[in-house]
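The chain contents come next:
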Amino acid sequence: MRLIQVAHKCLLALRFENESEEKAKKGRTVNPLTQFKKIPILQLLIALALVARAAGTARAAISDFNGDGHPDYVLQNACTHQTAIWYLNNNVYIGSAWGPTLGWWFLVGAADFNRDGHPDYVLLNSNNAPDTAIWYLSGRTFVGSAYGPSVPSGWGWVATGDFNGDGHPDYVLYNPGTRQTAIWYLNNNVYVSGGYGPTLPNGWALVGAADFNRDGHPDYVLEHVTGQTAIWYLSGRTFVGSAYGPTVRSGWGWAGTADFNGDGNPDYVLYNADTRQTAIWYLNNNVYTGSAWGPTLPAGWSLVAAWCAPWDYGYGCCQ
């Protein structure tokens with residue numbers, strides 16, 4: 001918890017625009033980056049690593065956009081804010097098409113919110129206490145949009161899943177400071193009600209959700225700071241059991257889950273941001289059964305959102 005508090009202090013120091021504005025109101029100027037001098041470098045590095053993992057930033061939008069029964073990748077370009085759909089057959093690239101341009105939003109997921117049979121984009125405007133929006137698609141074509149509920153301070157958006165069995169995707173939220181989880185029940189884009197889910201143990205973060213034991217209820221995917229994963233089986237939002245999943249190797253990030261080989265079991269999608277290589281880890285419930293390389297992304301494109309500070313208006317992500 002101490003490291004989390006230090007990390008929050010570091011991240012607040014980085015928000016130099018807000019800090020400078022407050023100091024300016026009091027007639028003083030400040031370079032907030034000098035605040036790092038007050039923080040031991042080892043604590044700083046460890047704390048930032050923990051918060052980066054706890055925030056669950058490496059989330060990909062993966063769904064079946066062409067209706068062939070196979071999950072597809074959504075790529076995003078941090079410089080142009082353009083999206084693209086890469087159609088897959090299992091792990092093999094078979095074609096692509098442009099998707100809508102995001103503007104100053106970040107794409108973090110895909111689910112069918114208006115129940116028209118087509119996955120829609122889930123967008124956030126930041127990685128902490130974000131506003132949310134749903135962009136309705138027909139295949140790859142934008143057909144409309146609506147705001148979703150705004151996430152409260154201290155919480156982050158993690159995943160979608162139908163936790164109350166009403167046929168509508170719900171939001172999964174996570175508070176990295178308290179390790180508390182919550183489910184927000186939605187009707188399309190509208191918040192209906194919410195409830196707390198289980199609290200995670202120290203060192204673990206919530207990164208995704210899918211039905212791993214095929215009981216009709218979405219389960220949590222947890223990741224430890226070591227890269228170890230675990231499945232927490234849920235009934236609604238109630239914890240009913242757990243099992244370890246495979247450990248993600250150094251240099252790779254857990255990016256999402258979907259059934260790529262059509263066996264009815266969710267698989268892991270891994271992403272290496274340095275090489276832009278993707279990989280599929282095939283699972284039977286929590287057990288690793290094999291793997292295959294997915295396509296490598298072209299330069300300038302990413303499988304996950306490239307988070308920028310709000311004052312950068314996207315340009316800080318442009319490499």
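Residues numbered from 1 in each chain as written. Predicted model: local features only at pLDDT ≥ 70, side-chain atom pairs only at ≥ 80, totals over all residues. Heavy atoms only, no water.

Chemist: What's the story with the sheet that holds strand S16 (residues 238–247) in this structure? I'm lost.
Modeler: Backbone-to-backbone hydrogen bonds pair the strands of a sheet. The strands run either parallel or antiparallel. One open sheet holds the four strands; their spatial order is S13-S14-S15-S16, and the pairing between them is antiparallel. If you trace the sheet from one side to the other, it starts and ends with strand S13 (204–210) and S16, each paired once. In this sheet, adjacent strand axes meet at a mean angle of 25 degrees when their direction is disregarded. By the bridge criterion, six bridges tie S13 to strand S14 (residues 219–224) in an arrangement that is antiparallel. When the sheet's bridge partners are listed, Gly 208 is paired in S14 with Val 221. (Pairing = 2+ DSSP bridges. Helix = DSSP H or I, 4+ residues; strand = E, 2+ residues; numbered from the N terminus. Axes fitted to C-alpha atoms, helices over the stretch in contact; angles between N-to-C directions.)

Chemist: I tried to follow the environment of Pro 201 on my own but got confused; where do I start?
Modeler: For Pro 201, the location among the structural elements is in the loop between strand S12 (190–197) and S13. As a C-alpha pair, Pro 201 and Gln 180 span 21 residues in sequence and 9.4 Å in three-dimensional space. The residues touching Pro 201, leaving out its near neighbours within four places in the chain, are Arg 179 and Trp 232. (Contact = heavy atoms within 4.5 Å.)

Chemist: Can you walk me through the nonpolar core in this structure?
Modeler: With 18 residues, the main nonpolar core has Ile 62, Tyr 73, Ala 255, Phe 260, Val 269 and Leu 303 as its most contacted residues. For this core, the secondary structure elements donating two or more residues are strand S2 (72–77), strand S3 (82–89), strand S17 (253–258), strand S18 (267–272) and strand S19 (277–284). Sorting elements by how many residues they give to this core places S3 first, with three residues. The contacts of Ile 62, once residues within four sequence positions are left out, are Pro 71, Asp 72, Tyr 73, Gly 256, Ala 258, Phe 260 and Val 269. Core analysis: the second largest hydrophobic core is formed by 17 residues, Ala 159, Ala 230, Trp 232 and Leu 234 among them. (Core = buried A, V, L, I, M, F, W, Y, C linked by side-chain atoms within 4.5 Å. Buried < 20%, exposed > 50% of the residue type's maximum accessible area, 1.4 Å probe, protein only.)

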